[in-house]
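# Secondary and tertiary structure notes
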Amino acid sequence: MSGKTFYIETFGCQMNVHDSEKVVGALMARGYAPVETPEAAELILYNTCSIRDKAEQKVFNRLQQFKRDAGKGKIFGVLGCVAQQEGEKIFERAPHVSLVAGSASYTRLGEMLVQLEAGNRRVTGLSLDTEETFETPFTRRDNPHRAYLTIIEGCDKSCAYCVVPFTRGPERSRTSESVLAEARRLAEQGYSEIQLLGQNVNSYRDPSPAGWNFAALLAGVAGVPGIRRVRYTTSHPRDFGTDIVDAMDANPVICDHVHLPVQSGSTRVLAAMERLYTRDEYMRRIEWLKTARRKYSITTDIIVGFPGETEEDFQQTLRLLDEVEYDSLFSFKYSPRPNTAALGMEDRIPEEEKQRRLMILQEKQRAIQIRRNAELIGEARETLVEGRNQALGQWIGRTSDNRVLNFTHPGANGNSLVGQYVPVRVTRSGPNSLVGEAVAG
Ligand code: 5AD
Ligand code: SF4
């Protein structure tokens, strides 16, 4: 069936975005051509997210929209976390779907496509019993300068609220040789920034005899000639050790940014969430970062309204924000998820109360960001240029510490700066971004 067209829409985290890049590459290697709209495609894929109920609903809304097109010979596939979680139930809920496969089955993608091509309309990839990682030489990366690179798949933690262990399966690390070989290939292709990906990168364990841990891998990737920036996401505080801070301190190629999800500032709630650390243990990691040789930007994730979270617990989270002074945070209302331990917990927080807490939290954080960003006025930062905002006449840049720094550059003379590293002086600040001018020279 070579000559077929496909369209893929991706929901969720960076792992999903990168999985889609791999899936696209694998499809193109089999002769499938990407098209811009679902209307133009014969094969329509949704790579889905089920982290919160809202994310999960999105895919079913999409499938409803295109239901009528099933009659026109289109083939629908659901990939990713909703596929893994709902499995064959998706065929009942959306009978026009022909493929349901979770990320732990993408190594079998070729085989599943053969089945679809042969006319099978109930093709599944739902086993989580795997030791493999999905590595393909065909990955089609969307960004020509910044590349995602998976180092570990799955998750062995069991946070009480989280679906990921059920949707992405057990932890599997890639060998350090394979990761380094991919990093070298990326450098040769002109990529200068690499973002190492995993649900919990800190628990990376090289399965080959070299036996590297995450800190060693980080230093190894940062040492690849041609790579100017290395980032990583996401970290679990329990597995975040001083060796990682030491590796960062020693190597300026590793970006000045750590995303360290705390989820709650209350030890009591952290215990109920099965996060495996206390507030004090978390704060110790923040101390390591604040007393390190380099200055790091710290960001986090917070869930409000976990079952049993009292006003006092919530106040402790607010106080944590004041103590840490994050540069940015992602905050969420707790959403009950299938299979998880928290699903059956009593003392649910009403929706309005969750919403109230979320608003208070976000307002506090906004004030912190306004203050912290304003402190940067007058400072110079190197930015990697990601694009151009034509309307504002500004280049869109990102700093090593992961801030958006948009700037004017009178000397650019109409030449594109995208992909270049440009030193910029900060002239203005807002809660979520900075504005500046290129430093002449
Ligand atoms: N409800 C709300 N937020 C959640 N997250 C994960 N699971 C849930 C849930 N059930 C948040 C956590 C995590 C981020 C990716 O999503 O904060 O760090
Ligand atoms: Fe969504 Fe989590 Fe799956 Fe990523 S791993 S797509 S955030 S459910």
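The shown structure was predicted, so the numbers you read here are calculated from the model rather than taken from an experiment.

Calculation rules
Residues numbered from 1 in each chain as written. Chains lettered and ligands numbered in written order. Predicted model: local features only at pLDDT ≥ 70, side-chain atom pairs only at ≥ 80, totals over all residues. Heavy atoms only, no water. Near = heavy atom within 4 Å. Polar contact = N/O pair within 3.5 Å; in protein donor to acceptor, adjacent residues only side chain to side chain. Helix = DSSP H or I, 4+ residues; strand = E, 2+ residues; numbered from the N terminus. Nonpolar A, V, L, I, M, F, W, Y, C, P; charged D, E, K, R; others polar. Domains from an automatic or database assignment. Phe/Tyr/Trp six-rings, centres within 6.5 Å; stacked < 30°, edge-to-face > 60°. Expected span 1.5 Å × (residues − 1). Buried < 20%, exposed > 50% of the residue type's maximum accessible area, 1.4 Å probe, protein only. 1 Å grid on protein atoms, 1.4 Å probe; cavity = no way out; pocket = protein on both sides within 12 Å on 5 of 7 lines; lining within 4 Å. Points joined across faces, edges and corners; volume = space filled by probe spheres on them. Pairing = 2+ DSSP bridges. Axes fitted to C-alpha atoms, helices over the stretch in contact; angles between N-to-C directions. Core = buried A, V, L, I, M, F, W, Y, C linked by side-chain atoms within 4.5 Å. Parallel < 35°, antiparallel > 145°, perpendicular 65-115°, else oblique. Left-handed = near helix turned anticlockwise from the far one by under 90°. Contact = heavy atoms within 4.5 Å. Salt bridge = Lys/Arg side-chain N within 4 Å of Asp/Glu carboxyl O. Buried area = accessible area lost by both parts, 1.4 Å probe.

## Regarding the site of ligand 1
Every residue near ligand 1 is listed here: Ile51, Arg52, Tyr161, Gln263, Asp301, Ile303, Phe332, Lys333, Tyr334, Ser335 and Arg337. With respect to ligand 1, the backbone of Tyr161 contributes an N or O atom lying 3.0 Å from a nitrogen atom. One nitrogen or oxygen atom from the main chain of Ser335 is found 2.8 Å from a nitrogen atom belonging to ligand 1. Every element with two or more residues in the shell around ligand 1 is listed here: strand E13 (297-304) and strand E14 (328-333).

## A few points about the site of ligand 2
Taken together, Cys13, Asn16, Thr48, Cys49, Ser50, Ile51, Cys81, Val164, Arg168 and Gln199 make up all the residues around ligand 2. Partitioned by chemical class, the residues of the shell around ligand 2 number five nonpolar, four polar and one charged. Here the shell around ligand 2 spans two domains, since at least three of its residues come from each of domain 1 (5-125) and domain 2 (143-255).

## Some points on the packing of aromatic side chains
On inspection of all chains with the given rule, the structure shows five aromatic pairs. Relative to Phe134, the ring of Tyr106 has its centre 5.7 Å away and its plane inclined at 70°; by these criteria the two rings are edge-to-face. Of the two residues, Tyr106 is situated in the loop between strand E5 (97-101) and helix H5 (109-117) and Phe134 in the loop between strand E6 (123-125) and strand E7 (146-150); the sequence distance between them amounts to 28 residues. A ring pair is formed by Tyr277 and Tyr282, whose centres lie 6.0 Å apart and whose planes are at 35°; its orientation type is tilted.

## Notes on helix H7 (residues 176-188)
Under the 1.5 Å per step criterion, the end-to-end length of H7 is 18 Å for 13 residues, consistent within 8% with the ideal 18 Å. For H7, the set of buried residues is Ser176, Ser178, Val179, Leu180, Glu182, Ala183, Leu186 and Ala187. Directly beyond the C-terminal end of H7, a positive phi value near 100° is found at Gly190.

## Topic: the layout of surface pockets
In this model, the second largest pocket occupies a volume close to 340 Å³. Of all the elements in the fold, those that place two or more residues in the lining of the second largest pocket are helix H11 (279-290) and E13. By residue class, the composition of the lining of the second largest pocket is five nonpolar, one polar and twelve charged. The two domains that each donate at least three residues to the lining of the second largest pocket are domain 3 (260-375) and domain 4 (380-438).

## Thoughts on the sheet that holds strand E11 (residues 229-233)
With parallel pairing, the three strands of this open sheet are ordered in space as E7-E10-E11. Each edge of the open sheet is held by one strand with a lone partner, namely E7 and E11. Pairwise comparison of adjacent strand axes, ignoring direction, gives a mean angle of 25° for this sheet. Where strand E10 (residues 193-197) meets E11, five bridges bridge the pair, whose relative direction is parallel. Within E11, the position partnered with Gln195 by the bridge is Arg231.

## Here we look at the nonpolar core
Counting residues in each nonpolar core, the largest one holds 55 residues, and the members touching the most others are Ile151, Leu196 and Tyr232. The residue makeup of this core includes at least three contributed by each of domain 2 (143-255) and domain 3 (260-375).

## As for the packing of H11 against helix H12 (residues 311-324)
In the contact formed by H11 and H12, the axes pass within 11 Å of each other and the chain directions differ by 15°. Relative to H12, H11 is oriented roughly parallel. Relative to H12, H11 is oriented so that their crossing is right-handed. Counted together, Arg279, Tyr282, Met283, Ile286 and Lys290 of H11 and Gln316, Arg319, Leu320, Glu323 and Val324 of H12 form the full contact between these two elements.

## Points about the pattern of salt bridges
In this structure the tally under the stated criterion is 36 salt bridges. Between Asp19 and Arg168 there is a salt bridge, with its nearest N and O atoms 3.1 Å apart. Taken together, the positions of Asp19 in helix H1 (residues 14-29) and Arg168 in helix H6 (residues 164-168) put the pair 149 residues apart, joining distant regions of the chain. The residues Asp19 and Arg168 share a single accessibility class, namely buried. Measuring nitrogen to oxygen at the nearest pair gives 2.8 Å for the salt bridge that ties Arg337 to Glu56. Note that Arg337 is positioned in the loop between E14 and helix H13 (351-374) and Glu56 in helix H2 (residues 53-65), a separation of 281 residues in sequence. Each of Glu325, Asp327, Arg371, Arg372, Glu379, Arg381, Asp401 and Arg403 takes part in a single network of salt bridges with overlapping partners.

## What about the domain arrangement of the protein?
For the protein, the assigned domains read domain 1 (5-125), domain 2 (143-255), domain 3 (260-375) and domain 4 (380-438). Relative to domain 3, the C-alpha centre of domain 1 lies at a distance of 34 Å. Counting residues at the interface gives six residues for domain 1, matched by five residues for domain 3. Contact between domain 1 and domain 3 buries roughly 470 Å² in total, counting both sides, with carbon and sulfur atoms accounting for 46%. Three residues stand out in domain 1 for area buried against domain 3, namely Arg52, Asp53 and Gln85, and they jointly supply 76% of the buried area on that side. Linking domain 1 with domain 3 are two salt bridges, by the criterion used here. Residues Arg337 and Asp53 are paired through a salt bridge, measuring 3.3 Å at the closest nitrogen-oxygen approach. Inspection of the region where domain 1 meets domain 3 yields four residue pairs in polar contact (both at pLDDT 80 or more). In terms of residue class, the side of domain 1 that touches domain 3 is built from one nonpolar, two polar and three charged.

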